[in-house]
Amino acid sequence: MLSEVFYLNLNSIELQAERAVDPTLKTRPVAIISSTDSNGTIISLSHEAEEEGLYKGMKVSIAKKKKQTVQFLPYNRALYQRVSKYTYDTLSTFTPVIEPSGMNGFYMDMKGMPLPSGDIKGFGLSVLKKVESRISLLSVMGIGSNKLISRIITSVVPDVIHEVSFGEEDRFLAPLNFDVLPTARLKSVHKILYFLLINRIGQLQKLSKYKEDFRTLFGMYSIQLANEAAGRDTSLVKPPILKDHLLEQIVLPKNTNDESILLSAVQDLAEKIAFELRKRRKVAKKIKVEIHYIDGFRSYKIGCINYPDDMSISKECKKLFLRANTRRVSIRSILLDATQFKPYVEQENLFYIPESRDMEISRAVETIRRKHGIGIIKKANVLHALG
């Protein structure tokens, strides 16, 4: 039986996610930016972009002047959240207790879980391989007795997987820079450590033995800092409360500003959202249509869905798209995000109204899609535009 905490870290989740949905980016210099404004910065970038002289934190205005060959992509939070959710679901097949840390990290409480192979590293590697095979993402893993140690491992050890055994925590931490400890990064604590010329955790470990002096120096942070320096962490792995979203996104086969092609893409996404809403017997108080342009600019509009038939949702999403698309620049991708769901109760009408007809058509198409897959039937305009 296992007694460790695994920490899985997805390296550069933003870049990996973008390249997963658009394979043409795999060998190109790519930079993911926080905003297209002059104050926007580079959040993540490929090795090819680094070779071009770009770096994390660089102002977008400077980067765009410096290099014209780099593909600048807007920060696509919805995509990264969806990839993170897929990863969470994959890890849930190994343990029911998982705590996300941001979008790229996951703590896995393995206490009491059976170890099939008897080799803890081999078991950890099987987790990494499953994530790679199902989601096409590369990751690294730290294995330790608690959350603190397992996370630090992935930030300082270059190996794909590394384990620090119980009782070896202080020895593992001793040669490391104190910046890996969360409390040591606090501004007031960092100033004291800098003044005392302390840079290694081993020095902190020795100083913490003089409890009164340590308390005088670090005050309210002394106990927490001493525990972290020794590799002690009693915090539990806490599963999250997940918000419910329906997300559909398309990366266009070819960058374009052809309105007929773009509206066909919106219609295809809208019908997928409608299909899922009918399965849930719900409508959405909020639907967001988000556009990503090739120059990194992003635009969106928000509406609501009152009826779950294909026609109503397509009409609403097309209206939002036309309101959001105010530029002549070619579009790279389109995203639909439905949330804030409420039950849909269909009322019987004495008179035949358009909404009833639209729902009947949607259900007839849905019967075929449920049997053969959602992509088996497409409208002629969608088939012509997207294939």
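Everything below is about the structure shown above.
Keep in mind that what you see is a predicted model, and the values were worked out from it rather than measured.

**Student:** Looking at this model, I keep getting lost on unusual backbone geometry. Mind explaining?
**Tutor:** Comment: phi is negative for the bulk of residues other than glycine, and the bulk of peptide bonds are trans. A positive phi angle is found at Ser136, which is not glycine, with a value near 60°. Topologically, Ser136 is positioned in the loop between α5 (120-135) and β7 (139-144). Take Ser136: its relative accessible area is 53%, and that puts it in the exposed class.

**Student:** What exactly am I supposed to notice about helix α6 (residues 147-156) here?
**Tutor:** Owing to its 3.6 residues per turn, the α-helix brings residues three or four apart onto one side. With respect to burial, α6 is a largely interior element, seven of its ten residues being buried. For α6, the full list of buried residues reads Lys147, Leu148, Ile149, Ser150, Ile152, Ile153 and Thr154. By the N-cap criterion, in which a side-chain oxygen at the helix start approaches the backbone nitrogen of a residue two or three places on, α6 is capped by Asn146, the distance to Leu148 being 3.2 Å.

**Student:** Teacher, can you tell me more about the nonpolar core here?
**Tutor:** For soluble globular proteins, nonpolar side chains are generally found buried alongside one another. Formed by 32 residues in total, the largest nonpolar core has its most connected members in Phe6, Leu8, Leu91, Met108 and Met141. Looking at this core, the elements that each hand over two or more residues are β1 (5-10), α1 (13-21), β2 (30-33), α4 (77-91), β6 (105-109), α5 and β7. If one sorts the elements of this core by residue count, α5 sits on top with six residues. If near-sequence neighbours (up to four positions away) are discounted, Leu91 is found in contact with Leu8, Ile98, Phe106, Met108, Val127 and Val131. By size, the runner-up hydrophobic cluster in this structure holds 28 residues, among which are Leu262, Val266, Ala274 and Tyr293.

**Student:** Sorry, what's going on with the sheet that holds strand β10 (residues 282-293) here?
**Tutor:** Either a parallel or an antiparallel arrangement is found when strands of a sheet pair, and the pairing is made through backbone hydrogen bonds. A sheet is described by the order of its strands in space; here four strands give the open sequence β9-β12-β10-β11, paired in antiparallel fashion. Across the chains shown, the open sheet's two edge strands, defined by having one partner strand only, are β9 (245-256) and β11 (298-303). Strand-to-strand twist across the sheet, computed as the mean angle between neighbouring axes with direction ignored, equals 15°. Docked against the sheet, α4 engages β9 and β12 (331-343), running at close to 120° with respect to β9.

**Student:** For this particular structure, what's the right way to read the packing of aromatic side chains?
**Tutor:** Each aromatic ring pair is specified by the distance between its two centres and by the angle formed by the two planes. Applying the stated criterion to the full structure yields six aromatic pairs. Centroid distance Phe214 to Phe218: 4.8 Å. Interplanar angle 50°. Geometry classified as tilted. One end of the pair, Phe214, and the other, Phe218, are both in helix α10 (residues 211-218), four residues apart, so they sit about a helical turn from each other. A residue is classified by how much of its surface remains accessible, and Phe214, at 3% relative accessible area, is buried. Assessed through its relative accessible area of 4%, Phe218 is described here as buried. Both rings, one in Tyr293 and one in Phe297, keep their centres 6.0 Å apart while their planes meet at 50°; by these two values the pair is tilted. Residue classification places Phe297 among the partly exposed residues on the basis of a relative accessible area of 29%. Chaining the aromatic ring pairs together yields one cluster made of Phe6, Phe94 and Phe123. For the cation-ring pair, Lys288 lies above Tyr300, with the distance from its terminal atom to the ring centre recorded as 5.2 Å.

Rules behind the numbers
Residues numbered from 1 in each chain as written. Predicted model: local features only at pLDDT ≥ 70, side-chain atom pairs only at ≥ 80, totals over all residues. Heavy atoms only, no water. Helix = DSSP H or I, 4+ residues; strand = E, 2+ residues; numbered from the N terminus. Buried < 20%, exposed > 50% of the residue type's maximum accessible area, 1.4 Å probe, protein only. Polar contact = N/O pair within 3.5 Å; in protein donor to acceptor, adjacent residues only side chain to side chain. Core = buried A, V, L, I, M, F, W, Y, C linked by side-chain atoms within 4.5 Å. Contact = heavy atoms within 4.5 Å. Pairing = 2+ DSSP bridges. Axes fitted to C-alpha atoms, helices over the stretch in contact; angles between N-to-C directions. Phe/Tyr/Trp six-rings, centres within 6.5 Å; stacked < 30°, edge-to-face > 60°. Lys NZ or Arg CZ within 6 Å of the ring centre and 35° of its normal.

Functional significance is not addressed by these values, which are geometric in nature.
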